[in-house]
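# Coordinate analysis (summary)
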Amino acid sequence: MLPLRTRIFAFLQERLVKTPLNAEEMIALRAQREGFRTGPVTAFLFGRPADVETRETYVDGRRFAIYTPRGVGEAAPVVINYHGGGWCLGTPEQSAWVSSHVAAETGSIVVAPSYRLAPEHPFPAAVEDAWSALEWVAKHAADLGGDPSRIAVMGDSAGGNLAAVVSLMARDGGGPSVRAQVLIYPAVEMYEKFPSEAANANGPVLTSTQMSTFGHLYMGERYGDESWQASPMRAASHADLPPAHIITALHDPIRDHGTRYAEALRAAGTPVSLVDYDTAFHGFMSLPGVAPAAPEALAGIVAFLRDVDRGDSVSGH
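Residues numbered from 1 in each chain as written. Predicted model: local features only at pLDDT ≥ 70, side-chain atom pairs only at ≥ 80, totals over all residues. Heavy atoms only, no water.

## Section: a nonpolar patch on the surface
Residues Leu4, Ile8, Phe11 and Leu12 make up a contiguous nonpolar surface patch of about 390 Å² in total accessible area. The topology assignment puts Leu12 in helix H1 (residues 4–16). (Patch = residues over 30% accessible without salt bridge, like charges linked within 9 Å, V, L, I, M, F, W, Y side chains within 5 Å. Areas by Shrake-Rupley, 256 points an atom, 1.4 Å probe, with all protein chains shown as cover. Salt bridge = Lys/Arg side-chain N within 4 Å of Asp/Glu carboxyl O. Helix = DSSP H or I, 4+ residues; strand = E, 2+ residues; numbered from the N terminus.)

## Examining the nonpolar core
Counting residues in each nonpolar core, the largest one holds 61 residues, and the members touching the most others are Tyr82, Leu134, Leu162, Tyr218 and Ile246. Looking at this core, the element that brings in the most residues is helix H5 (residues 125–144), giving 10 residues. For Leu162, the residues in contact, after removing those within four places along its chain, are Tyr82, Trp87, Tyr115, Ala126, Val127, Ala130 and Tyr218. With 43 residues, the next largest nonpolar core counts Leu45, Val102, Ala152 and Phe281 among its residues. (Core = buried A, V, L, I, M, F, W, Y, C linked by side-chain atoms within 4.5 Å. Buried < 20%, exposed > 50% of the residue type's maximum accessible area, 1.4 Å probe, protein only. Contact = heavy atoms within 4.5 Å.)

## Remarks on the pairing of strand E7 (residues 244–251)
Counted residue by residue, E7 has 7 buried out of 8 residues, so it is predominantly covered. Direction of pairing for strand E6 (residues 180–184) relative to E7: parallel, over a ladder of 4 bridges. Counted as the bridge partner of Val182 is His245 from E7. Sheet topology places E7 next to strand E8 (residues 272–281); 7 bridges connect them, and they run parallel. Counterpart to Thr248 in the pairing with E8 is Asp276. Of the crossover connections in this fold, the one passing from E7 over helix H9 (residues 255–267) to the parallel E8 is right-handed. (Pairing = 2+ DSSP bridges. Right-handed = clockwise from strand over helix to strand, strands pointing away.)

## A closer look at the sheet that holds E6
Strand order across the open sheet formed by 8 strands is E1-E2-E4-E3-E5-E6-E7-E8, with mixed pairing between neighbours. Each edge of the open sheet is held by one strand with a lone partner, namely strand E1 (53–59) and E8. Averaged over all adjacent pairs, the angle separating strand axes in this sheet is 20 degrees, with direction ignored. Sheet strands in contact with H9 are E6, E7 and E8, and its direction is about 150 degrees off that of E7. (Axes fitted to C-alpha atoms, helices over the stretch in contact; angles between N-to-C directions.)

## Considering unusual backbone geometry
With an omega of 5 degrees, the peptide bond between Ala118 and Pro119 qualifies as cis. Position of Pro119 among the secondary structure elements: in the loop between strand E4 (109–113) and H5. With an omega dihedral of 0 degrees, the bond running from Gly175 to Pro176 counts as a cis peptide bond. If you trace the backbone, Pro176 turns up in the loop between helix H6 (158–173) and E6. A positive phi angle is found at Ala75, which is not glycine, with a value near 55 degrees.

## Some words on empty space enclosed by the protein
A complete count under the given rule lists 1 cavity of 30 Å³ or more for this structure. One number sums up the size of the largest cavity: a volume of about 40 Å³. (1 Å grid on protein atoms, 1.4 Å probe; cavity = no way out; pocket = protein on both sides within 12 Å on 5 of 7 lines; lining within 4 Å. Points joined across faces, edges and corners; volume = space filled by probe spheres on them.)

## Describing H5
Two residues of an α-helix separated by three or four positions point the same way, owing to the 3.6 residues in each turn. The largest bend along H5 measures about 45 degrees and falls at Ala138. Residues of H5 that are buried include every one of Ala125, Ala126, Val127, Asp129, Ala130, Trp131, Ala133, Leu134, Trp136, Val137, Ala141 and Leu144, and no others. Among the residues trailing H5, Gly145 stands out with phi positive, at a value near 95 degrees. (Bend = angle between axes of the 7 residues up to and from the residue.)

## Some points on the UniProt feature "domain: Alpha/beta hydrolase fold-3" (unreviewed entry) in the chain
Within the UniProt annotation, "domain: Alpha/beta hydrolase fold-3" (unreviewed entry) is assigned to residues 79–285. Structurally, residues 79–285 comprises 37% helix and 21% strand, and the distance from its first C-alpha atom to its last is 17 Å. (UniProt positions renumbered as here; feature names shortened; annotations may be inferred.)

## Thoughts on the side chain of Ser167
With respect to the element layout, Ser167 can be found in helix H6. Here Ser167 falls in the buried class, since its relative accessible area comes to 2%. Of the polar contacts made by the side chain of Ser167, one reaches the backbone oxygen of Ala163; its length is 2.9 Å. When near neighbours in sequence (up to four residues on either side) are disregarded, Ser167 contacts Val153, Val178, Gln181, Leu241 and Pro242. (Polar contact = N/O pair within 3.5 Å; in protein donor to acceptor, adjacent residues only side chain to side chain.)

## Remarks on the packing of aromatic side chains
Summed over all chains, the structure comprises 6 aromatic pairs. Seen from their ring centres, Phe123 and Tyr218 are 5.7 Å apart, and the 75 degrees between their planes marks the pair as edge-to-face. Remark: Tyr218 occurs in helix H8 (residues 208–219) and Phe123 occurs in the loop between E4 and H5; sequence separation between them is 95 residues. The exposure class assigned to Tyr218 is buried, which follows from its relative accessible area of 0%. Here Tyr191 and Tyr223 contribute two aromatic rings whose centre-to-centre distance is 5.0 Å and whose plane-to-plane angle is 90 degrees, an arrangement assigned as edge-to-face. Here the residue Tyr191 occupies a position in the loop between E6 and helix H7 (195–199), and Tyr223 occupies one in the loop between H8 and E7, the gap between them amounting to 32 residues. Judged by relative accessible area, Tyr223 falls into the partly exposed class, the value being 35%. Grouping aromatic residues by their ring pairs yields a cluster made of Trp87, Phe123 and Tyr218. (Phe/Tyr/Trp six-rings, centres within 6.5 Å; stacked < 30°, edge-to-face > 60°.)

This is the structure we're talking about:
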């Protein structure tokens, strides 16, 4: 069962936030969500960021939030964190709790890029921007105080999709080097419905109806395109990819996406740790105030990244 604070949040959200059913409503929801994120209950819902240096820069019109641990030495690891939001919503700040704490607890510089959003900018705009962010970080890592040979990618939901996609692109393109991928309840299949979607069709934060709306708006005129750059589950091979840490939530309609992607990676010989949180829901890592599992999941991410940086093997679950 979901924790009481989660159920209260879901109850209020259902009554306060209208489910967008078309492009105009999706665009209108962005402003409402941002107002909610910066409102009086921000610290409770979204968690207090860690004490790190935070700044931003602009790259080709895209805004990057950069979280640097205080007192970090030269050539630190770098983590690129792609935000979620169904490719239609979201900002780097919605993941500030995760980004800042990963920076503070791993000694990594965390770069959280924005990317063009649908429906104004449908597929493959987000993929192009995600790839450009990886290329920019690899080129400028040293300027940030980071090591270009120690780059990991991370993302939640749609951001997990983008992290998985750029890992495949880097493999097929011969670089930039990606040492690890952290996929937080990733969306890896655009069309097929798995059992978890039916089981959690009206889950908190994400419903089956919303999934369909996000997919149609993101793909736009290319809806039905089976490219692995939209659905990384459909890649011809999942071999020779960086070790992955995949997080799923029991009460999430896309829980099976993470589980099945882990199976595909393992079958191809890619090291995977898969952790499911049975009291959690889709989006829980952005809402630590209503998700008791969030600190535990954060600790798992930190441990995984530390292991990869030390060269330790990834243990499966």
